[in-house]
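Now for the letters of each chain:
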Amino acid sequence: MKRLFIATAFFALLVLAWHLLVRAEIWSPVLLPGPAAVGEYLWASLLDGSLASSSWVTLKRLMIGYLIGCLAGLPLGMLTARSNTLNDTLGVLALGLQTLPSVCWVPLALIWFGQSESAMLFVVVMGTLWSVLISVDNGVRNLPPIYTRAARTMGSTGFHTLRHVILPASMPYVISGMKQGWAFAWRSLMAAEIYVTLLSGYGLGHLLHFGRELNAMEQVTGVMLVIVLIGLLADKILFSPWERFLHRRWGLNG
Amino acid sequence: MNDPQAPPAKLLIDGVNKTFRNSRGEVLALDTTTLAVDEGEFVCLVGPSGCGKSTLLNLVSGLDTPTHGRVLMDGNPVTGPGSERMVMFQEHALFPWLDVLGNVLFGLKLKPGLDAKERVDVAKYYLKLVGLERFLKASIHELSGGMRQRVALARALAPNPRVLLMDEPFAALDAMTREQLYADLQKISAAQKKTVLFVTHNVREAVCLGDRVILFSPNPGRIREQFKVALPRPRDINDPALSVLAGEITRALKSHTA
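Each value, and the rule that gives it
Residues numbered from 1 in each chain as written. Chains lettered and ligands numbered in written order. Predicted model: local features only at pLDDT ≥ 70, side-chain atom pairs only at ≥ 80, totals over all residues. Helix = DSSP H or I, 4+ residues; strand = E, 2+ residues; numbered from the N terminus. Rg over C-alpha atoms; globule rule 2.2 N^0.38 Å. Buried ≥ 20, exposed ≤ 12 C-beta atoms within 10 Å, placed from the backbone. Contact = placed C-beta atoms within 7 Å. Core = buried A, V, L, I, M, F, W, Y, C linked by C-beta atoms within 7 Å. Nonpolar A, V, L, I, M, F, W, Y, C, P; charged D, E, K, R; others polar. Pairing = 2+ DSSP bridges. Axes fitted to C-alpha atoms, helices over the stretch in contact; angles between N-to-C directions. Parallel < 35°, antiparallel > 145°, perpendicular 65-115°, else oblique. pLDDT = per-residue confidence, 0-100.

Colleague: Can you help me understand the overall build of chain B in this one?
Modeller: Across its full length, chain B carries 7 helices and 10 strands. Since a compact globule built from 258 residues should have a radius of gyration of about 18 Å, the 18 Å found for chain B is in line with a globular shape. By its C-alpha atoms, chain B is 50 × 50 × 40 Å across when sized along the principal axes. Counting all 258 residues of chain B, 43% fall into the buried class. A separation of at least 24 residues holds for 71% of the contacts in chain B among residues at least 6 apart in sequence.

Here it is in structure tokens:
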């Protein structure tokens, strides 16, 4: 209760400081809209449905691309950890591509797929895949061999060991990899949406882009707030439960 | 060995040796060894590090395969790990992603013929046996070292193996906890008539627990001498009679390794 109060007070003070700064009229309100103006924009765009539909378009792209990236990265990471040949080939490729900022995929995606949903999806998958793959590889590689030995003495073999020992044992790495993958996917998608306008759906990035074109600073600020809020919610909903579980079981500070 | 009158050995290590390859070439970890262990016998393998005692245990467990020779259990060759020969390691080797009950259930789930409720009953029975019935839902990291080894013992006992293979399971524990576990282990192995191979470098521990103590010497690892321990059970590690025998065995150990 006390922590909630402190958090609320902190953000209330932040908004108040913002408000006072605008009232002081140091900068033109066109450059720095107050919380009231931004709130007005957010309310209006909520009522006309544009905010919800843009958020949905963005989240849908993100979710699908992220899911594909995770589903591919998980088994590939396990394979590269178990096979020297795959590690020397696919593993090195993944390491290289992971260092490539995923927004760099946008020009290539546009040439390959045109201005289409596929291009967006491709960029998100590239943002997710490599970091998930590398984390899983790391997790499986650093597995204490005693776990699999103990499992074997109890009669566990093959797929059972993979599913019930190797996968859960490397969970701390897998979760941190998925979290990093999420962050990369989110950043690359925003960059792609700001950069490319698709007729198949306007995402939050497009709202930002249009805000700039219209010089509508309250829209730019409002959409930025929404993007921050989605990031926070994703962290709380997608990752916090896992991290709490890791903390409880492993005694780790996840 | 083939005398039809005598009961067959529970475990027969039959002319087994093991060579490991490392960067400098081949190393003979265990020289050709033959050893028979009777049903219900508690055999302790003692020796300094590198004497092949853990290697032998890994061969019996099926985690490693011998370079030559074979390991027989009830007359059948051991071809791989199996839950009729459960292993307890020096590190507890418990799974941190499972709670205490989940760890004991792991091996039971791989044993056919039990439904979910029976498995939980069996797991609870063994956790009670090691005195941890109040910690079913605890996480492994919350337990002390001694409690972790108790969970590991319950996990090894739960699938009801006929043979228990223990690789210095108490080496990392403090003296008080160890003494309690000596008492528990003697009680449990007597009540359940397990055949036990117990590896240790602690001679007193071996004399306290074993019906037979087998001395190993290193370079290459081989059996040097055997001692029957006829002291009455349950034994207390602080018993003077036990110390006398332990002293004798320690002198023998020194003469072999000098």
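Colleague: I'm lost on unusual backbone geometry in this one. Help?
Modeller: Most of the time, phi is negative for any residue but glycine, and the peptide bond is trans. For the bond running from Asn219(B) to Pro220(B), omega is -10°, close enough to zero to count as cis. Here Pro220(B) shows up in the loop between β9 (212-217) and β10 (222-228). In this structure, the amide linkage connecting Arg233(B) to the following residue, Pro234(B), adopts the cis form with an omega of -5°. Looking at where Pro234(B) falls in the secondary structure, it is placed in the loop between β10 and α7 (240-257). Positive phi values are uncommon outside glycine, yet Asn215(A) reaches one of about 55°. Structurally, the position occupied by Asn215(A) is in the loop between α10 (204-213) and α11 (217-250). By the C-beta count within 10 Å, which is 10 here, Asn215(A) ends up exposed. The backbone of Asp74(B) shows a phi angle near 50°, a positive value even though the residue is not glycine.

Colleague: Could you clarify how one ought to interpret the nonpolar core in this entry?
Modeller: Note that soluble globular proteins tend to have their nonpolar side chains buried in a common cluster. If you look at the biggest cluster of nonpolar residues, it comprises 80 residues, and the most contacted ones within it are Leu45(B), Val46(B), Val60(B), Val104(B), Ala154(B), Phe198(B) and Val213(B). Ignoring sequence-local partners within four residues, the contact set of Leu45(B) consists of Lys53(B), Leu56(B), Leu197(B), Phe198(B), Val199(B), Ile214(B) and Phe216(B). Formed by 35 residues, the second largest nonpolar core is a distinct cluster that contains Leu129(A), Val132(A), Trp182(A) and Ala192(A).

Colleague: Is there a simple way to explain the interface of chain B and chain A in this structure?
Modeller: A common way to report how large an interface is uses the accessible area buried once the components associate. Counting residues at the interface gives 19 residues for chain B, matched by 16 residues for chain A. Mapped onto the side of chain B that touches chain A, the elements with two or more residues apiece are β6 (85-88) and α2 (100-109) of chain B. A breakdown of the residues in the side of chain B that touches chain A according to their chemical character gives 12 nonpolar, 6 polar and 1 charged.

Colleague: I'm lost on the sheet that holds strand β4 (residues 68-73) of chain B in this one. Help?
Modeller: Hydrogen bonding along the main chain pairs the strands of a sheet, whether they run parallel or antiparallel. Residues and elements named next belong to chain B. Spatially, the 4 strands line up as an open sheet ordered β2-β1-β4-β5, and their pairing is antiparallel. Lying at the two open borders of the sheet, with one neighbouring strand each, are β2 (25-37) and β5 (76-77). Relative to β2, strand β1 (residues 11-22) runs antiparallel, the two being bridged by 9 bridges. Across the sheet, residue valine 16 finds its bridge partner in β2, namely threonine 33. Of the strands in this sheet, β1, β2 and β4 are in contact with helix α1 (residues 53-61), which crosses β1 at around 115°.

Colleague: Honestly, the packing of helix α2 (residues 35-47) of chain A against α11(A) in this entry has me stumped. Any pointers?
Modeller: Two measures define how a pair of helices packs: the angle their axes make with one another and the distance between the axes. Residue and element names in this part refer to chain A. α11 packs onto α2 with a crossing angle of 75° between their chain directions and a minimal axis gap of 9 Å. Looking at the two axes, α2 sits roughly perpendicular to α11. Across the interface between the two elements, Ala37, Val38, Tyr41 and Leu42 from α2 touch Glu218, Gln219, Thr221, Gly222 and Leu225 from α11. Classifying every residue of the contact of α2 with α11 gives 5 nonpolar, 3 polar and 1 charged.

Colleague: Which parts of the structure should I look at to understand the sheet that holds strand β7 (residues 163-167) of chain B?
Modeller: Residue and element names in this part refer to chain B. Strand order in the open sheet formed by 6 strands is β6-β7-β8-β3-β9-β10, and the pairing between neighbours is mixed. A single partner strand is all that each edge strand has here, and the edge strands are β6 and β10. Within the sheet, the average angular offset between the axes of one strand and its neighbour, ignoring direction, is 20°. Pairing analysis gives 5 bridges linking strand β3 (residues 42-46) to strand β8 (residues 195-200), with the strands arranged parallel. Paired with valine 43 across the bridge in β8 is leucine 197.

Colleague: Explain the confidence of the model for chain B to me, please; I cannot follow it from the model alone.
Modeller: Detailed reading of the predicted model is not advised wherever pLDDT is low. Summing up the model confidence of chain B, the mean pLDDT is 91 and the portion of residues at 70 or higher is 97%. Confidence estimates for the predicted assembly give a pTM of 0.84 and an ipTM of 0.87.

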